[in-house]
Amino acid sequence: MAIRVEKPAFNVREKLTELDSASIPYERMPKGSVIQVVHKYYPGYSAVGATNTPTKFFDVNIYPKRKRSKFLVNAIIYYSHPAMGSQNADSYDYFFFLYNNEQPIHQNTNLTRSYSGNNGDNQAWYKTDVPLSSNDVDHTFQYFAIHENVQMLDDPQDYEVGEPINYSLRFMCQGGLTLNRANHSNGSSGGTSSITVMEVAS
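### Digging into the overall build of the chain
Alright, step 1. Across its full length, the chain carries one helix and eleven strands.
Alright, step 2. Listed N to C, the secondary structure of the chain is α-β-β-β-β-β-β-β-β-β-β-β in terms of helices and strands.
Alright, step 3. Here the chain holds 202 residues, and 41% of them are scored as buried.
Alright, step 4. Here the analysis covers contacts within the chain between residues at least 6 apart in sequence; of these, 81% occur between residues at least 24 apart.
Alright, step 5. Accessible surface for the chain amounts to roughly 11,700 Å². Of this, 48% is attributable to carbon and sulfur atoms.

Given below as structure tokens:
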């Protein structure tokens, strides 16, 4: 006597539609998947004087969701310096740094510029000797803010899941900097700095 077995109908497309992507364990996400994104922007401004050590301008925390991730960091900084309307800004050097907690990352050791014997241990990603300045035009350069940006893929090995990693943009300057504003703005013109960090499965 033959036994007939009937299997329930199975529609692959329907099953895929039912999948809730939020329920996929982070450890099972394929390489290259974006696990999370954190972003902070900084519309306020601050004027700072000379500093001979890397000083934090702004930062963001990310709380890793899995081990062996990499972190894509993108930061942009808008700023001006006090000598932008001068003929010679030779005494207004500035350096920019990117940090993972208290560890400098993305440094370019080929940038060996220093002022007063201070070179930031050559750990900056950007250095300038004589920054942009001019008094040869009607309004000079004091009415706009310069900007620089940096992007890197950080591959830390010693972090813990759920514990914060602090990414920060830091600076050194010989003669002062103003974050997010032009010199002659009275707070009304300039830019908005920001930092974005993406956790990427690897």
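### Thoughts on the environment of Val161
Alright, step 1. Examined against the element boundaries, Val161 turns out to sit in the loop between β8 (146-154) and β9 (165-173).
Alright, step 2. Put simply, Val161 and Lys67 are 94 residues apart on the chain and 6.3 Å apart in space, counted from C-alpha to C-alpha.
Alright, step 3. Excluding anything up to four places from it in sequence, Val161 contacts Pro64, Lys65, Arg66 and Lys67.

### Considering the nonpolar core
Alright, step 1. The biggest cluster of nonpolar side chains holds 30 residues, and the ones touching the most others in it are Phe58, Ile77, Phe96, Tyr167, Leu177, Ile195 and Val197.
Alright, step 2. Of all elements in the fold, only β1 (34-42), β3 (51-62), β4 (70-80), β5 (94-100), β8, β9, β10 (177-179) and β11 (193-200) reach the threshold of two or more residues within this core.
Alright, step 3. Setting aside its immediate chain neighbours within four residues, Val197 contacts Gln36, Val37, Val38, Val60, Ile62, Phe71, Leu72, Val73 and Tyr167.

### What to know about the pairing of β9
Alright, step 1. The element β9 is largely enclosed, with a buried count of nine among its nine residues.
Alright, step 2. Both faces of β9 are covered, namely the face carrying Ile165, Tyr167, Leu169, Phe171 and Cys173 and the face carrying Asn166, Ser168, Arg170 and Met172.
Alright, step 3. As defined by bridge partners, β3 adjoins β9 across eight bridges and the pair is classed as antiparallel. Residue pairing for β9: Phe58 is matched across the bridge by Leu169.
Alright, step 4. Strand direction decides the pairing type here: β5 and β9, joined by seven bridges, are antiparallel. The residue bridging Phe96 from the neighbouring strand is Phe171, located in β9.

### Quick notes on the confidence of the model for the chain
Alright, step 1. Summing up the model confidence of the chain, the mean pLDDT is 84 and the portion of residues at 70 or higher is 82%.
Alright, step 2. Averaged pLDDT values over the elements of the chain bottom out at 59 in helix α1 (residues 12-18) and peak at 97 in β11.

### Brief notes about the pairing of β11
Alright, step 1. Most of β11 is tucked away: seven of the eight residues are buried.
Alright, step 2. Of the pairings in the sheet, the one linking β4 to β11 comprises seven bridges and is antiparallel in character. Following the sheet pairing, Val73 is matched in β11 by Val197.

The rules we used
Residues numbered from 1 in each chain as written. Predicted model: local features only at pLDDT ≥ 70, side-chain atom pairs only at ≥ 80, totals over all residues. Heavy atoms only, no water. Helix = DSSP H or I, 4+ residues; strand = E, 2+ residues; numbered from the N terminus. Buried < 20%, exposed > 50% of the residue type's maximum accessible area, 1.4 Å probe, protein only. Contact = heavy atoms within 4.5 Å. Areas by Shrake-Rupley, 256 points an atom, 1.4 Å probe, with all protein chains shown as cover. Core = buried A, V, L, I, M, F, W, Y, C linked by side-chain atoms within 4.5 Å. Pairing = 2+ DSSP bridges. pLDDT = per-residue confidence, 0-100.

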